[in-house]
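Residue-level structure breakdown
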Amino acid sequence: MNMQLPADVENIIQTLENAGFEGYAVGGCVRDTLLGRVPKDWDITTSAKPQEVKALFSHTIDTGIQHGTVTVMQNHVGYEVTTYRIDGEYEDARHPKEVTFTSSLAEDLRRRDFTINAMAYSHSTGLVDLFEGEKDLREHRIRCVGNATERFSEDALRMLRAIRFSAQLGFEIKQETCDAIRELAGSIRKISAERIATELIKTVTSAHPDYLEKAYKLGLTAYVLPEFDAMMQCPQMNRNHCFDVGTHSLVGMQQIQPEKDLRLAMLFHDVAKPLCKSTDETGQEHYYGHPEMGAEMTKKILRRLKLDNDTIAHITALVRYHDERPELTDRALRHFLNQIGVALLPDLIAIKRADILAQSEYLRKEKLEYLSQLESLCAGILARNECVSLAGLAVNGKDLLALGIPQGKQIGAILKYLLMIVLDHPAENTKEHLMEMAERYEKNLEE
Ligand code: ATP
Ligand code: MG
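Only a predicted model underlies this, so the values are computations on that prediction, with no experimental measurement involved.

**Thoughts on the site of ligand 1**
The environment of ligand 1 is formed by 14 residues, the closest being Arg 31, Asn 117, Asp 155, Arg 158 and Arg 164. Measuring from an oxygen atom of ligand 1, one finds a side-chain N or O atom of Arg 31 at 2.7 Å. Asp 155 places a side-chain nitrogen or oxygen 2.8 Å from a nitrogen atom of ligand 1. Going through the elements one at a time, α2 (28–34) and α7 (157–169) are the ones with two or more residues in the shell around ligand 1.

This is how it looks when you write it as structure tokens:
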């Protein structure tokens, strides 16, 4: 079998072989190439020790020398070259106590998580597939290398990785591998929030975000995302809905582009519904206040997962405003744009559309029609450059100071007052007029 390798990778392997070492492309890049996908990056595994790798290439970076990894730079692209290794005994399902270098490719492949990730390739040897990884690729299956229970006991993160690869590739997880996850799910608590978040995000931004349901069924989200379990266990007796809250959110994720913020906002937009549920006299259920409470809960969850503050603010705002339905007048929409912040609009519309598409057919046409009108009216307001925020006001704080209004809280209050006027009447957004209004407002206060 002959596999296409990038010239840089051929070069690195050739250089290693010329010096008497072995070198192979390994792991994800081999898997993806066999699938006809373009690999994100190319990892190389070698019999050469890190110091020996460094001696062979002019530009290298010590990425993780103690784990055997040296980054080799070729034409400004970095390739991770890692020495064959055996992970020593695992402490507490998380960290190998030590890593030992080995001269055996087979031993290096045996420590890897899944059969489809445990293949190596070089032009001189061809494909090295010791665990039927190619067969599992063909049969669309995720299976541990060796005994699943043992492998998950060594490193609990692998359980979430199984879900993630299953979602990215649309593969089934082998029964025995599923059973082992169900048995060991609780040990995921030993894994750091950052590593958990990485796998969760890769899962929800994949081609099959709805496979998160597998993590629920196998008992993993009970530990890493208990809020999602509550959603899955919350039916919705409401004519707008045909799914429980969890399934509605999974379907919603399928209806929106695979971007982290959008998928996470979709996942969490109704997170507070289980807590906000009430039933009216006709038996219909309602969820008053769920966007506000949902925004609070989302912030907490994303903080727990150690996401950065900008990401948290963006996703939280989408959750907070996902259910806003302003009146379709220019005036109301200018207030709406001021409330949400113009920058949020495109993502918010995407969220609202996906939300509708994940609901029942009831009034769907009307809901989508409303949304299109909202979108085009907002586009008109922005195209006419109408003021929808303090930044768009024809006067600023400095102008008010020049009028003799004292520095302090009052400046902010006056600017807000002027903004409210301009949101109602865009024609009034001229400096002359607003200065006059400011003066009058100030005088009234003095009297
Ligand atoms: P991606 O396309 O997401 O980068 P990948 O297969 O390259 O997928 P990585 O997390 O980059 O995944 O890991 C590279 C390789 O290292 C894997 O293919 C696998 O062979 C091995 N590996 C990574 N993490 C583990 C782990 N926790 N346990 C065992 N082997 C692992
Ligand atoms: Mg990788």
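**Let's talk about the pairing of strand β3 (residues 60–64)**
As paired strands, β3 and strand β4 (residues 69–74) are joined by three bridges and run antiparallel to one another. Of the residues in β4, the one forming a bridge with Ile 61 is Thr 71. Counting the residues in the hairpin turn of β3 and β4 gives four residues, including Gly 68, whose phi is positive at 90°.

**Digging into the side chain of Asp 8**
Relative to the elements of secondary structure, Asp 8 occurs in helix α1 (residues 7–18). For the buried Asp 8, no salt bridge is present, and the opposite-charge side chain at shortest range is Lys 40, 17 Å distant. There is a polar contact of 3.0 Å between the side chain of Asp 8 and the side chain of Tyr 79. Every residue in contact with Asp 8, bar those within four places of it in the chain, is listed here: Gln 74, Asn 75 and Tyr 79.

**Points about the pairing of strand β5 (residues 77–83)**
In this sheet, β5 lies alongside strand β2 (residues 43–46) in parallel orientation, the contact comprising four bridges. Bridge assignment links Ile 44 to a residue of β5, and that residue is Val 81. Looking at chain direction, β4 and β5 are connected through six bridges and run antiparallel. The residue bridging Met 73 from the neighbouring strand is Gly 78, located in β5. Where β4 hands over to β5, the hairpin turn is made up of two residues, of which Asn 75 adopts a positive phi near 50°.

**Examining unusual backbone geometry**
One non-glycine residue, His 76, lies in the positive phi region at around 70°. Topologically, His 76 is positioned in the loop between β4 and β5. Owing to a relative accessible area of 80%, His 76 belongs among the exposed residues under this scheme. With a phi close to 60°, Leu 363 is a non-glycine residue in the positive phi region.

**Looking at the packing of helix α22 (residues 409–424) against helix α23 (residues 431–446)**
Direction vectors running N to C along α22 and α23 enclose 125°, while the axes themselves pass 10 Å from each other. Considered as vectors, α22 and α23 are oriented oblique to each other. Considering the relative orientation of α22 and α23, their crossing is right-handed. When α22 is examined against α23, the residues Gln 410, Ile 414, Tyr 417, Leu 418, Ile 421 and Val 422 are found in contact with a partner set consisting of Leu 434, Met 437, Ala 438, Tyr 441, Glu 442 and Leu 445. Grouping the constituent residues of the contact of α22 with α23 by class yields 10 nonpolar, one polar and one charged.

**Some points on helix α8 (residues 175–184)**
Along α8, the residues that are buried comprise Thr 177, Cys 178, Ala 180, Ile 181 and Leu 184. One side of α8 holds all its buried residues, which, seen down the axis, span an arc of 160°. Turned more than 90 degrees away from the buried face of α8 sit Gln 175 and Glu 183, all of them exposed. In this fold, the buried residues of α8 make contact with β12 (141–142), α6 (148–154), α7 and β13 (172–173).

How each quantity is defined
- Residues numbered from 1 in each chain as written.
- Chains lettered and ligands numbered in written order.
- Predicted model: local features only at pLDDT ≥ 70, side-chain atom pairs only at ≥ 80, totals over all residues.
- Heavy atoms only, no water.
- Near = heavy atom within 4 Å.
- Polar contact = N/O pair within 3.5 Å; in protein donor to acceptor, adjacent residues only side chain to side chain.
- Helix = DSSP H or I, 4+ residues; strand = E, 2+ residues; numbered from the N terminus.
- Pairing = 2+ DSSP bridges.
- Buried < 20%, exposed > 50% of the residue type's maximum accessible area, 1.4 Å probe, protein only.
- Lys, Arg positive; Asp, Glu negative; His and termini not counted.
- Salt bridge = Lys/Arg side-chain N within 4 Å of Asp/Glu carboxyl O.
- Contact = heavy atoms within 4.5 Å.
- Axes fitted to C-alpha atoms, helices over the stretch in contact; angles between N-to-C directions.
- Parallel < 35°, antiparallel > 145°, perpendicular 65-115°, else oblique.
- Left-handed = near helix turned anticlockwise from the far one by under 90°.
- Nonpolar A, V, L, I, M, F, W, Y, C, P; charged D, E, K, R; others polar.
- Arc of directions from axis to C-beta.

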